[in-house]
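In case you want the letters, here they are:
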Amino acid sequence: MSAKSASSAAEAGHRVSRQEASVAIKAALRIAACWQLSDRDLGILLGGISVASLRRWRSALRDGGTPRADINVDTLDRVSYLLGIYKSLHLLFPDAAQADAWIHKPNDGLPFGGRSAMDVMLQGSMRDLMTVRRYLDAWRG
């Protein structure tokens, strides 16, 4: 089985429930607020979610409702990476502002080459999120 068909099989085997989607969306929007991300940038990090969808989800939350959305396993995995990155930063830095600012600062570490972690992640692939997550996991020890 090729990697592509294995991925398709994994997606077919697990549908993201409305509850999972709602929790994931809320988490992604909270992280975006902490990291001061534009809707465009958050959409890229989530694998191509439209700005209109993000605004609709945010509006539903503001109105006290639950964002109603269908997201796929890829988007759910991306949110998982973002949560792991967020958590790692808050374990590494005792000050929340410092933890949230790190993501935007230039870094001379091996995977970054002078770019910020956000610059790396905004290249858009799942592998870019994984690179930042692994870097932080290694840093934490």
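Residues numbered from 1 in each chain as written. Predicted model: local features only at pLDDT ≥ 70, side-chain atom pairs only at ≥ 80, totals over all residues. Heavy atoms only, no water.

Trainee: Any details on the overall build of the protein? Residues and values, ideally.
Mentor: In terms of helices and strands, the protein carries eight helices and zero strands. For the protein, the α and β elements follow one another from N to C terminus as α-α-α-α-α-α-α-α. A compact globule built from 141 residues should have a C-alpha radius of gyration of about 14 Å, and the protein, at 16 Å, falls within 12% of that. Each principal axis of the C-alpha atoms in the protein carries an extent, and together these give about 45 × 40 × 25 Å. Taking all 141 residues of the protein together, the buried fraction comes to 38%. For the protein, the share of sequence-separated contacts (at least 6 apart) that also reach a separation of at least 24 residues comes to 61%. Counting 19 positive and 14 negative side-chain charges, the protein places the averaged centre of each group 4 Å from the other. (Helix = DSSP H or I, 4+ residues; strand = E, 2+ residues; numbered from the N terminus. Rg over C-alpha atoms; globule rule 2.2 N^0.38 Å. Buried < 20%, exposed > 50% of the residue type's maximum accessible area, 1.4 Å probe, protein only. Contact = heavy atoms within 4.5 Å. Lys, Arg positive; Asp, Glu negative; His and termini not counted. Charge placed at Lys NZ, Arg CZ, Asp CG, Glu CD.)

Trainee: Got a sec to walk through the pattern of salt bridges? Specific residues and values, please.
Mentor: Taken as a whole and assessed by the stated rule, the structure comprises seven salt bridges. A salt bridge links R133 to D137, with the nearest nitrogen and oxygen atoms 3.4 Å apart. Of the two residues, R133 and D137 are both situated in helix α8 (residues 126–140); the distance of four residues between them amounts to about one turn of the helix. With its nearest N and O atoms 3.6 Å apart, the salt bridge here joins D137 to R140. With a gap of three residues between them, D137 and R140 both fall in helix α8, about one helical turn apart. Owing to a relative accessible area of 41%, R140 belongs among the partly exposed residues under this scheme. Each of D39, R55 and R58 takes part in one network of salt bridges that share partners. (Salt bridge = Lys/Arg side-chain N within 4 Å of Asp/Glu carboxyl O.)

Trainee: Please provide a residue-by-residue account of the side chain of T75, values included.
Mentor: Tracing the chain through its elements places T75 in helix α5 (residues 73–92). What makes T75 buried here is its relative accessible area of 6%. If we ignore the near neighbours within four places in the chain, the residues touching T75 are L46 and I49.

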